[in-house]
Amino acid sequence: MSIRHLLSCLLCVGSIALSAQPNDCVARGEAVLASAARYDGVREATGHNDGVEVEHMLAMVGMPKGCSWCGAFVYTAMCEAGVGCVSAGVRAFAWAPAWHPPARRVWTKARGINSKFAGSGERLVMPGDVFGLYFTNLGRIGHVGLVVRDEGKFLVTLEGNTNDAGSREGDGVFHKRRRKDQVYCVSRWNC
């Protein structure tokens, strides 16, 4: 994907969710999680980013069988919930960093909160938000998933292309309990 194409996708991505009241945001987040829950327990057919459900998610972002699919899982859940789906085939959403432009971040490990949300009465991290994990060997965010709930020092998540150990190259959709100090940032797309 060229830088130009990626930037044009990100500009489009930035306008996906419409401005909403906090209660609308909560309802949309819950809808995203309900959609994602339909994939809970899905496993790859052969452990090579394949299988009917995995290939469906990859097709939603225009990627072929065999590609990493954590971002495709998030995108599919949002589309199927009717929240923020631009169109099938938006390849930028397959790339984990695309889920975390600065304007969408509501929480970062370094700062705790984006000032845009400070004092607004909204919870810092809400169900349906997208979390990102940073990998120093990649020099970027390399894995994303959905926040189910914030438990203070932990986030309960639902994520694709992971496993029991929490790998970024796993074999299915799993609920995880991740330490918040290991999460790089959380972004909001449902309001």
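In what follows, the structure referred to is the one given above.
Below you will find a few notes about this structure. (Residues numbered from 1 in each chain as written. Predicted model: local features only at pLDDT ≥ 70, side-chain atom pairs only at ≥ 80, totals over all residues. Heavy atoms only, no water.)

**Focus on the environment of Arg-149**
As a reminder, the rule being used: Secondary structure elements are taken from DSSP: a helix is a run of H or I of four residues or more, a strand is a run of E of two residues or more, and numbering for both begins at the N terminus. Each residue gets one of three labels from its accessible area relative to the maximum for its type: buried under 20%, exposed over 50%, partly exposed in between, using a 1.4 Å probe on protein chains only. We call two residues in contact when some of their heavy atoms are within 4.5 Å. Counting of polar contacts relies on pairs of N or O atoms within 3.5 Å, with two restrictions inside protein: one atom must be capable of donating a hydrogen and the other of accepting it, and residues adjacent in sequence are counted only when both atoms are side-chain atoms.
Within the element layout of this structure, Arg-149 appears in strand β3 (residues 140-150). On the basis of relative accessible area, Arg-149 is assigned to the partly exposed category, the value being 44%. Between the C-alpha atom of Arg-149 and that of Gly-128, which follows or precedes it by 21 residues, the distance is 8.4 Å. When neighbours within four sequence positions are excluded, Arg-149 is seen to be in contact with Phe-154, Leu-155 and Val-156. Among the polar contacts listed, one links the side chain of Arg-149 to the side chain of Glu-151, at a separation of 2.9 Å.

**Topic: the sheet that holds strand β1 (residues 105-108)**
Rule in force here: In this analysis, strands are considered paired if DSSP registers two or more bridges between them. Axis angles are defined between N-to-C directions and span 0 to 180 degrees, where every axis is a line fitted to C-alpha atoms and, for a helix, only to the segment in contact.
Reading across from one edge, β1-β6-β2-β3-β4-β5 is the order of the six strands in this open sheet, with antiparallel pairing throughout. Looking at strand neighbours, the two that pair on one side only are β1 and β5 (172-179), the edges of this open sheet. Here the average twist between neighbouring strands, direction ignored, is 35°. Taken strand by strand, helix α4 (residues 70-80) contacts β2 (130-135), β3, β4 (154-162) and β5, and its axis lies near 40° from that of β3.

**A few points about α4**
Most of α4 sits out of view: 10 of its 11 residues are buried. Residues Cys-70, Gly-71, Ala-72, Phe-73, Val-74, Tyr-75, Thr-76, Ala-77, Met-78 and Cys-79 constitute the buried set of α4. Where α4 ends, the next residue or the one after it, Gly-82, has phi of about 75°, a positive value.

**Comments concerning the pairing of β4**
In terms of residue burial, β4 counts as a mostly covered element, since eight of its nine residues are buried. Across four bridges, the pairing between β3 and β4 is antiparallel. Note that in β4 the partner of Val-147 across the bridge is Thr-157. Turn length for the β3-β4 hairpin, with the two strands adjacent in sequence and antiparallel, is three residues, and the turn residue Gly-152 shows positive phi of about 80°. The pairing of β4 with β5 spans seven bridges and is antiparallel. Looking at the pairing, Thr-157 lines up with Lys-176 of β5.

**Some details on the pattern of salt bridges**
We count it as follows: We count a salt bridge whenever a side-chain nitrogen from Lys or Arg sits within 4 Å of a carboxyl oxygen from Asp or Glu.
Under the defined criterion, the tally for this structure stands at seven salt bridges. Salt-bridge contacts for Glu-80 lead to Arg-38; the nearest nitrogen and oxygen are separated by 3.4 Å. Taken together, the residues Glu-80 in helix α4 and Arg-38 in the loop between α2 (22-37) and α3 (52-60) connect sequence positions 42 residues apart. Residue classification places Arg-38 among the exposed positions, given a relative accessible area of 54%. When the shortest N-O distance is used, the salt bridge between Asp-181 and Arg-179 registers 3.0 Å. Look at Asp-181 and you get partly exposed, because its relative accessible area is 43%. Because the salt bridges share partners, they merge into one network encompassing Arg-149, Glu-151 and Arg-177.

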